[in-house]
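Take a look at the letters that make up each chain.
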There are 2 protein chains.
Amino acid sequence: MRDEFEFIHHIKEKYALTKVGDDCAVLPYDGESDMLITSDMLAEDIDFRLDWTTPELLGHKALAVSLSDIAAMGGEPKWAMLSIGVPEDLWHGDFLDRFYDGWQRLAGEYGVELVGGDVSRVAEKLVIDSTVLGKVAQGKAILRSGAKEGDGIFITGSLGGAAAGLRILEAGRNSAADSGAANRLITRQLAPNPRLDVAALIARCEGVTAMIDISDGLSSDLRHICEASGCGAEIDPAKLPIDADIAVLQTSPDDQFDLALNGGEDFELLFTADPKLFSAPSDAAITPLGTITASVGSIELIRDGQRRPMPPRGYRHFS
Amino acid sequence: MRDEFEFIHHIKEKYALTKVGDDCAVLPYDGESDMLITSDMLAEDIDFRLDWTTPELLGHKALAVSLSDIAAMGGEPKWAMLSIGVPEDLWHGDFLDRFYDGWQRLAGEYGVELVGGDVSRVAEKLVIDSTVLGKVAQGKAILRSGAKEGDGIFITGSLGGAAAGLRILEAGRNSAADSGAANRLITRQLAPNPRLDVAALIARCEGVTAMIDISDGLSSDLRHICEASGCGAEIDPAKLPIDADIAVLQTSPDDQFDLALNGGEDFELLFTADPKLFSAPSDAAITPLGTITASVGSIELIRDGQRRPMPPRGYRHFS
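Residue numbering note: each chain is counted from 1, following its sequence as written. Lettering for chains starts from A, numbering for ligands starts from 1, and both go in the order in which the items are written. The predicted origin of the model limits local features to residues at a pLDDT of at least 70 and limits the giving and counting of side-chain atom pairs to 80 or more, whereas totals for whole chains, interfaces and linings rest on all residues. Values shown for side chains rest on all heavy atoms present in the structure; no hydrogens or waters enter the calculation.

Visitor: Whenever I open this one, the overall build of chain A confuses me. Can you help?
Guide: For chain A, the count of helices and strands is nine helices and twelve strands. Relative to a compact globule of 319 residues, whose C-alpha radius of gyration would be 20 Å, chain A shows 19 Å and is just as compact. Its C-alpha atoms put chain A at 60 × 55 × 45 Å along the principal axes. In chain A, which comprises 319 residues, the share counted as buried stands at 58%. The helix and strand labels rest on DSSP assignments: H or I over at least four residues marks a helix, E over at least two residues marks a strand, and numbering proceeds from the N terminus. Our radius of gyration is a C-alpha quantity, and the globule rule it is checked against amounts to 2.2 Å times the number of residues to the power 0.38. For the exposure calls, accessible area comes from a 1.4 Å probe over protein chains only, and a residue counts as buried if that area is under 20% of its type's maximum, exposed if over 50%, partly exposed in between.

See below:
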């Protein structure tokens, strides 16, 4: 059966939708700027569990995932819409006030203004749809589709932490020692921070050709860039910046590697850049991972001269 | 306990949100136009039932409710985002294709382009969040807050049909004779048409001071105008344009009146206008209902010289 990426591709083709398929849609704005818009739906017991998080952290995350999409286009967030479907039992109590407090705290950090949305009742499970609008200099949005043969592939920060945090939550918080590392991993899962600051640094660099945020997992998100750009990629797995805190899981190197490659929700930025033009900003944690190739659809890991395919094993809702 | 209108008012005050609270938010755009944006969430078994509708009609309605908000500001819809949370069983089959077909057919009528959204899995019940962006001439959005003492109160079309259609569906379709009237009422409930054409006529008239669409019910929606404008209203109940098809229900005049006054979801336009400046366009079905007064918060029905209060009995999700 088709997954959601195939379904979106199908709808895009069927109705000739030219603005669908990147982290944000790019709309004409005022002649100096383009407008960016993105929506993300979070559903209870699919994308979050109320017994693992707090209302404040959930409010934070609902906004953070959309801010990350604005970051991935090199844009600046401005306005937000927030729709929330609330079951009866959550209506009575302080859940919603605390949720909006968490949302508003993150919004305040980035000067994002809540301009609308909807408050509705749902039969059973909480659902949130977050829409953020942003701006980017006209024609300067960094799309998924600009990668070219020979471009370097880069990642910000570290990978696998959010998935490791999820694993701790799934096993019960007590499964990990109550350590700083375990708490940091859980925070990466429950309260991710959008990489707007480093995105602004990257967007100012010469030669950046494509960008996406790590929401589904590096293996899937790199494939999104390659599909949109009509190219392939080679990755050096030894270079993957695995989150050092994952050591607290006391798991095998292969498992750590799997978390970093396929885990998702790290909300780091994966981008490509022309090596003749690009030099990484010195004050940002940016790691080169490999090279874009002309082999359409071929994404490979190269270790000790050995090549093996890198299938997209990131998160998907349907399969 | 608070209802959702009180909650939204609370959030608006707490965080000093100046753009929240009308049918759409009005955002700066290109110096000639303002941008309008609105979101509406529809939840299974709260806002619709899958056994009463078809996927195509549901897609139509999901867009129509947001187009109606653009109409209520006197704007023109341009772009849309569509987020849908789909339970596993609906993923496998033709539901989504048929839903997008219905959505797209209505979008095509008004030149609305789908630019993004999200497709997510939900644990149990289908949920849809529809966002529409539109444009209006700069400074010309028709707000809820402009009504003034002495303004006339007007309504487009007829009222009560959508609520009557819902009643037929609730009783089982066979409860009503399989007549043209019954089918038209059901269609008003399942596939409402946004009043964009008549809204454009109204927006071109001199002296229009406030507008809202009838989503919750006339008694509630008139109160929204009065609260936003700091005024009161007097309505002549004899003038209420009750949908003639309601006769098929063979119900009492009082019940028909109640459907028209409190039923909701007719998606007609309720507006106010300065009688010295406004003359209704001759080619539109527009009925005068009464007058705006200076008595803040007092909304009254006046029949045969008798006054009685008109409490807001329209739909609310929480109470």
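Let's pick the thread back up.
Visitor: Please explain the interface of chain A and chain B as it appears in this structure.
Guide: Many authors give the size of an interface as the accessible area that is lost as the parts come together. If you look at the interface, chain A gives 65 residues, while chain B gives 65 residues. By buried area we mean the combined loss of accessible area, with a 1.4 Å probe, across both parts when two parts are placed together. In this assembly, chain A packs against chain B so that about 5600 Å² is buried in total across both faces, 63% of it on carbon and sulfur atoms. Per-residue buried area on chain A facing chain B is highest for A:Met41, A:Trp91 and A:Phe318; these three make up 13% of the total on that side. A pairing counts as a salt bridge when a side-chain nitrogen of Lys or Arg comes within 4 Å of a carboxyl oxygen of Asp or Glu. At the surface where chain A touches chain B, the tally comes to eight salt bridges. One salt bridge connects B:Asp97 with A:Lys14, and the closest N-O pair in it is separated by 3.7 Å. We call two N or O atoms a polar contact when they sit within 3.5 Å, provided that within protein one can donate a hydrogen and the other can accept it, with sequence-adjacent residues counted only if both atoms are side-chain atoms. The interface formed by chain A and chain B contains 22 residue pairs in polar contact (both at pLDDT 80 or more). With nine residues, the single largest contributor to the side of chain A that touches chain B is strand S4 (residues 113–121) of chain A. Classifying every residue of the side of chain A that touches chain B gives 32 nonpolar, 15 polar and 18 charged. Between two residues, a contact is recorded if the distance between any of their heavy atoms is within 4.5 Å. Lys, Arg, Asp and Glu make up the charged group, whereas Ala, Val, Leu, Ile, Met, Phe, Trp, Tyr, Cys and Pro make up the nonpolar group; the residues left over, Gly among them, are polar.

Visitor: It is not clear to me how the relation of the copies chain A and chain B should be interpreted in this structure. Could you clarify?
Guide: The transformation that overlays chain A on chain B combines an axial shift of 0.0 Å with a rotation of 180 degrees, and the residual RMSD is 0.0 Å. One copy is carried onto the other by what is essentially a two-fold rotation axis. Residues of chain A ranked by C-alpha distance from the rotation axis are headed by A:Asp30, positioned 2.1 Å from it. The share of interface residues of chain A whose copies in chain B are also at the interface is 100%, consistent with both copies meeting through the same surface. A least-squares fit on C-alpha atoms brings the copies together, and the residues used are those whose pLDDT is at least 70 in both copies.

Visitor: Would you take a moment to explain the pattern of salt bridges for this structure?
Guide: Side-chain pairs of opposite charge can arise where the charged atoms are in close proximity. Residues and elements named next belong to chain A. This structure, assessed with the given rule, holds 40 salt bridges over all chains. The closest approach of N and O atoms between lysine 125 and aspartate 45, which form a salt bridge, is 2.8 Å. Pair noted here: lysine 125 is in the loop between S4 and strand S5 (127–137) and aspartate 45 is in the loop between strand S2 (33–43) and helix H2 (55–72), with a separation of 80 residues, a long-range link. Classification of lysine 125 as partly exposed rests on a relative accessible area of 27%. Salt bridges sharing common partners tie together Arg188, Arg195, Asp243, Asp266 and Glu268.

Visitor: What is the right way to look at the side chain of B:Thr131 in this model?
Guide: Positionally, B:Thr131 belongs in strand S5 (residues 127–137). B:Thr131 gets classed as buried once you look at its relative accessible area, which sits at 1%. A distance of 2.7 Å separates the side chain of B:Thr131 from the side chain of B:Ser39, its partner in a polar contact. If we ignore the near neighbours within four places in the chain, the residues touching B:Thr131 are A:Thr131, B:Ile37, B:Thr38, B:Ser39, B:Trp79, B:Ala80 and B:Met81.

Visitor: Would you take a moment to explain the state of the cysteines for this structure?
Guide: To count as a disulfide, a pair of cysteine sulfur atoms needs to be within 2.5 Å. One pass over the structure, following the stated rule, counts zero disulfides over all chains. As a non-bridged cysteine, A:Cys24 has A:Cys205 as the owner of its nearest cysteine sulfur, 20 Å distant.

Visitor: Just to check I follow, could you spell out the packing of aromatic side chains for this structure?
Guide: Think of a pair of aromatic rings as described by two things: how far the centres are apart, and how the planes are tilted against each other in angle. The aromatic pairing rule takes the rings of Phe, Tyr and Trp, using the six-membered ring of Trp, and pairs them if the centres are within 6.5 Å, calling planes under 30 degrees apart stacked, those over 60 edge-to-face and the rest tilted. In the structure shown here, the tally under the stated rule is 15 aromatic pairs over all chains. Aromatic side chains A:Phe7 and B:Tyr100 sit 5.4 Å apart centroid to centroid with 65 degrees between the ring planes, which places their arrangement in the edge-to-face category. Residue A:Phe7 is found in helix H1 (residues 4–14), and its partner B:Tyr100 is found in helix H4 (residues 95–109); the two belong to separate chains. For A:Phe7, a relative accessible area of 1% corresponds to the buried category. Through a chain of ring-to-ring contacts, the aromatic side chains of A:Phe7, B:Trp91, B:Phe95, B:Phe99 and B:Tyr100 assemble into a single cluster. For a ring to carry a charge above it, either NZ of a lysine or CZ of an arginine must fall within 6 Å of the ring centroid while also lying within 35 degrees of the normal to the ring plane. Over the aromatic face of A:Trp91 sits the side chain of B:Arg2, whose NZ or CZ is 5.9 Å from the ring centroid. The side chain of B:Arg303 reaches across the aromatic face of B:Phe257, ending 5.6 Å from its centre.

Visitor: How do you make sense of the sheet that holds S5(A) when you look at a structure like this?
Guide: The pairing of strands in a sheet happens through backbone hydrogen bonds and is either parallel or antiparallel. Residues and elements named next belong to chain A. One requirement defines pairing of two strands: DSSP has to find at least two bridges between them. Strands sit in the order S1-S2-S5-S3-S4 across an open sheet of five strands; the sheet is mixed. Each edge of the open sheet carries a strand with a single partner, namely strand S1 (25–28) and S4. This sheet shows a mean twist of 20 degrees between the axes of neighbouring strands, independent of strand direction. Summarising the sheet, S1 and S2 pair through four bridges and their orientation is antiparallel. In the strand pairing of S2, valine 26 is matched with leucine 36. Where helices are involved, their axes are fitted lines through C-alpha atoms of the stretch in contact, as for all axes, and angles between N-to-C directions lie from 0 to 180°. H2 contacts S2, strand S3 (76–86) and S5 of the sheet and is inclined by roughly 35 degrees relative to S5.

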